[in-house]
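Spelled out from the first residue to the last, the chains are:
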Amino acid sequence: MGNCGSSHNKRVSGMHPDSNQEGDQLYDLSGDVPQFFSFTSFFRATEKPQVCEWLFLEELGKGAMSNVYKAIRTDTNELAAAKVYNLNRLHKQALKNETSMMDAVDREINIMMELDHHYILLLTEAIEDENTQSLILFMPLAQRGNVQALLDKNKMTEEMIE
């Protein structure tokens, strides 16, 4: 069942009001030194990388602030996209008038919790894992990829989307 029972996780389940999961929280964080510097090092060094109930299967993509992984929830076999942020990078000091990266991610989470539209994937769970120094956001997996990839591949027009 992963390491959710450990003191290295801070978890909030069922973040979106429409989520089918019950809410629970783990906030007993210890001052122990993390085992891995980043989620990427954890993913590469572990044969079956797992955090809580989530088994990470493959990396789907990389962005400027996060990486996205395909994950499966071991107790329900639910597939998800896991957007993984490095906490060390998020907590870096911003320039004088800039919004910090952590504030930007907090804003993203708050917006995702408020959204309710059948074309938008809901945020279903978030885990802060001290073992990998990561903030992990879980959303349903879009089996066909992101919208831009579909548009590029299928040469879709705006009329086709509406």
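Residues numbered from 1 in each chain as written. Predicted model: local features only at pLDDT ≥ 70, side-chain atom pairs only at ≥ 80, totals over all residues. Heavy atoms only, no water.

### Focus on the pattern of salt bridges
Step number 1: All told, the structure shown has three salt bridges when counted by the stated rule.
Step number 2: A salt bridge links Arg73 to Asp75, with the shortest nitrogen-to-oxygen separation between them at 2.8 Å.
Step number 3: According to the relative accessible area criterion, Asp75 is partly exposed, its value standing at 43%.
Step number 4: In this structure, Arg73 engages Glu125 in a salt bridge whose closest nitrogen and oxygen atoms are separated by 3.0 Å. Of the two residues, Arg73 sits in strand β5 (residues 66–73) while Glu125 sits in strand β7 (residues 125–129), which places them 52 residues apart along the sequence. Each member of the pair, Arg73 as well as Glu125, is classed as buried.
Step number 5: What you see here is one network of salt bridges that share partners, running through Arg73, Asp75 and Glu125. (Salt bridge = Lys/Arg side-chain N within 4 Å of Asp/Glu carboxyl O. Buried < 20%, exposed > 50% of the residue type's maximum accessible area, 1.4 Å probe, protein only. Helix = DSSP H or I, 4+ residues; strand = E, 2+ residues; numbered from the N terminus.)

### Regarding the confidence of the model for the protein chain
Step number 1: For the protein chain, the mean per-residue pLDDT works out to 78, and 73% of the residues sit at or above 70.
Step number 2: Of all helices and strands in the protein chain, the one with the weakest mean pLDDT is strand β2 (residues 25–26) (34), whereas β5 scores best (96).
Step number 3: Low confidence marks residues 12–31, where pLDDT is under 50. Its contacts with residues over four positions away, or in another chain, come to 52 contacts. (pLDDT = per-residue confidence, 0-100. Contact = heavy atoms within 4.5 Å.)

### Considering the pairing of β7
Step number 1: Most of β7 is tucked away, with five of its five residues classed as buried.
Step number 2: Neither face of β7 is left uncovered, since the one carrying Glu125, Ile127 and Asp129 and the one carrying Ala126 and Glu128 both have all their residues buried.
Step number 3: Bridge count for β7 against strand β8 (residues 134–140) is five bridges, and the pairing is antiparallel. The residue of β8 that forms the bridge with Ala126 is Leu137.
Step number 4: Following β7, the chain reverses through four residues before pairing antiparallel with β8; Gln133 in that reversal takes a positive phi of roughly 55 degrees. (Pairing = 2+ DSSP bridges.)

### What about the nonpolar core?
Step number 1: The biggest cluster of nonpolar side chains holds 16 residues, and the ones touching the most others in it are Phe39, Val51, Trp54, Phe56, Ile136 and Phe138.
Step number 2: When residues of this core are traced back to their parent elements, those giving at least two are α1 (39–45), β4 (54–62), β5, β6 (79–86) and β8.
Step number 3: Apart from the residues lying within four places of it in its own chain, the contact partners of Phe56 are Phe39, Phe43, Pro49, Gln50, Val51, Tyr69, Lys70, Ala71, Ala82, Ile136 and Phe138. (Core = buried A, V, L, I, M, F, W, Y, C linked by side-chain atoms within 4.5 Å.)

### Quick look at helix α3 (residues 101–114)
Step number 1: Taking 1.5 Å of rise per residue, 14 residues should cover 20 Å, and α3 covers 20 Å from first to last C-alpha, within 8% of that figure.
Step number 2: Taken together, the buried positions of α3 are occupied by Met102, Val105, Ile109 and Met112. Seen end-on, α3 carries its buried residues on one side only, within an arc spanning 85 degrees.
Step number 3: Buried residues belonging to α3 abut β6, α2 (87–90) and β8. (Expected span 1.5 Å × (residues − 1). Arc of directions from axis to C-beta.)

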